[in-house]
Amino acid sequence: MALLQKSGQPRPAPDDPTGRILDVEALERCLHDPSADIRRRAAADLASCQQATQWLLTQLQQETIPSVRQVIITSLTRINTTEAVQGLATCLRAEDARLRNDAIEAMKQMPDAMAPVIEELLQDQDPDIRIFAVNILESLCHEQVENWLLDVMDNDASINVVCAALDIIGEVGTEIALPVLERTARRFNDAYVGFACDLAIRRIADSRPAS
Amino acid sequence: MTAIISQDDFLVFREYFYRKTGIRFESSKRYFVDKRLIDRITANDCASFREYFTRLRFQANGEELQRLTNLLTVNETYFMREEYQFDCLTSHILPELSEHLPTDKIINIWCIPSSSGEEPYSIAMQLLENWPMLRNRDVRLLASDINTRMLDMAEEGLYSERSIRNVPPTWRARYFSRVGDMYQICDELRACVEFSHVNLANPVEVRRQHAIDVVFCRNLLIYFDDLSRKEAAESLYDVMSPGGFICLGHSESMGRISPLFTVRKFPEAIVYQKPWEES
Ligand SMILES: C[S@@+](CC[C@H](N)C(=O)[O-])C[C@H]1O[C@@H](n2cnc3c(N)ncnc32)[C@H](O)[C@@H]1O
């Protein structure tokens, strides 16, 4: 027993249908294979294939093995289209908290594809969905983020949704947030909202360049 | 005439190179990239970036892309780098794996990226010197990199004084011989590290390996963006045995990359483990 001498030969790999180059339809079949290893590989290989978006989304809803689910989400993130984001957005309504969180994390990484969808989510009937949308904005790299958040503060009827937006504006808001913060404090006669708005106004004022 | 790389050229090239290798060049790296691109444009007798880029993309054997990759990767490494992880390997990781695995199971250790070989050879010395159980267990050492020039250097095994500065004197005497002002690693070690060309950003290439029990993936993911890091972690997960361990560089943390692995805190190091079973 020891360090093995190199053989110069490739080690024979166990038989794996996704190891050979397959066409996309064959990969789609592998996506439903009983073996989680094969499903995971098929999901990874479909990352380069936009036409696989719906297959991946369908499997995502049924998939029970976390690692396969992760790889499906990664491939959808790589596909990075509005269709992929729309599919992920439906996961926000899932019972399973892990699936919801995974979908949120993925959407944060798709700012351009996300833009048309975020506006819909921010208008959703369900305040929980609107809070998830605000959570996505927290780390979405998009130039509209502050405007979307200010829009929520000015127009959303739910105090919980407004507070979620306010928490972020408190950290990243700029001067354009000042009048909105004042309006929000007046719109909700609430101690926490008033306190958070004051704090944000002071922070923004303090960070103004001295003239 | 020297070719000029415009901002648009830079962005087009950056996206292409990212898709091929997972490496993302920030704008601050523009000078580094431009200089190497211009060298290759000149060497290929191309009149412009566009002409060169077409050749690069459509060349069937990928030779030019390989040359450029060899120039654009950062290969800094040295013997016994972050050696607390090697101590962790012999004091905790291998003993734990040995307890779980059948006695005749070969333990496969894979360094990706290996750069010019210092890391896998350090592991070989660590095992020979500090893991007495090697008498009862076979270990296979595999090592891969995207840079073919580094792989050639690794196979040759000739190192500078600077590269071996952290190797203890007794190990130096045992495993190196002096050749001019360089140090040649001994044939015994060269014979037991199997080097191969693998691009970690290409899952099909990663799958040439399988049943890996310990991965060293150190100081490469820092050059990837978040999504490529996650894909790389998932590709590695795919070729690891259940219960296998992965060691990252000190500034890299799996917690920020992928939730697939379990954090394991040992006295020497924090490493990550593929669960024995997936629920
Ligand atoms: C800084 S070195 C690290 C070497 C060694 N692991 C260490 O920590 O000292 C980074 C290496 O990653 C390699 N590399 C870059 N992109 C790669 C990729 N996509 N696949 C495999 N290796 C890659 C480079 O060629 C380089 O040799």
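Residues numbered from 1 in each chain as written. Chains lettered and ligands numbered in written order. Predicted model: local features only at pLDDT ≥ 70, side-chain atom pairs only at ≥ 80, totals over all residues. Heavy atoms only, no water.

As named in an unreviewed UniProt entry, chain B is protein-glutamate O-methyltransferase, taken from Parathalassolituus penaei. Its UniProt record gives chain B a comment under Catalytic activity (unreviewed entry), which states: "L-glutamyl-[protein] + S-adenosyl-L-methionine = [protein]-L-glutamate 5-O-methyl ester + S-adenosyl-L-homocysteine". (UniProt positions renumbered as here; feature names shortened; annotations may be inferred.)

Chain A goes by HEAT repeat domain-containing protein in an unreviewed UniProt entry, where it is assigned to Parathalassolituus penaei.

Undergrad: I tried to follow the packing of helix 5 (residues 82–90) of chain A against helix 7 (residues 111–122) of chain A on my own but got confused; where do I start?
TA: Helix-helix packing is described using two parameters, namely the angle between the two axes and the distance between the axes. Residues and elements named next belong to chain A. Relative orientation of the contacting elements helix 5 and helix 7 amounts to 35°, with a least axis distance of 8 Å. The interaxial crossing formed by helix 5 with helix 7 has right-handed handedness. Packed against helix 5, whose contacting residues are Thr-82, Val-85, Gln-86 and Ala-89, the element helix 7 presents Ala-113, Met-114, Pro-116, Val-117, Glu-120 and Leu-121 at the interface. Residue composition of the contact of helix 5 with helix 7, grouped by class: seven nonpolar, two polar and one charged. (Axes fitted to C-alpha atoms, helices over the stretch in contact; angles between N-to-C directions. Helix = DSSP H or I, 4+ residues; strand = E, 2+ residues; numbered from the N terminus. Left-handed = near helix turned anticlockwise from the far one by under 90°. Contact = heavy atoms within 4.5 Å. Nonpolar A, V, L, I, M, F, W, Y, C, P; charged D, E, K, R; others polar.)

Undergrad: It is not clear to me how the pattern of salt bridges should be interpreted in this structure. Could you clarify?
TA: Opposite charge on two side chains permits pairing when their charged atoms draw close. Applying the stated criterion to the full structure yields 28 salt bridges over all chains. We note a salt bridge from Asp-238 of chain B to Arg-41 of chain A, for which the minimum N-O separation is 2.5 Å. Within this pair, whereas Asp-238 of chain B is found in helix 11 (residues 226–239), its partner Arg-41 of chain A is found in helix 2 (residues 36–45), the two belonging to separate chains. You'll find Asp-238 of chain B and Arg-41 of chain A in the same group, each marked buried. Asp-213 of chain B is paired through a salt bridge with Lys-105 of chain B; the nearest N and O atoms lie 3.0 Å apart. With Asp-213 of chain B in strand 7 (residues 212–217) and Lys-105 of chain B in the loop between helix 5 (84–100) and strand 1 (107–111), this residue pair connects regions lying 108 residues apart in the sequence. Among the charged side chains, a salt-bridge network with shared partners connects Asp-37, Arg-40, Arg-41 and Asp-45 of chain A together with Arg-207 and Asp-238 of chain B. (Salt bridge = Lys/Arg side-chain N within 4 Å of Asp/Glu carboxyl O. Buried < 20%, exposed > 50% of the residue type's maximum accessible area, 1.4 Å probe, protein only.)

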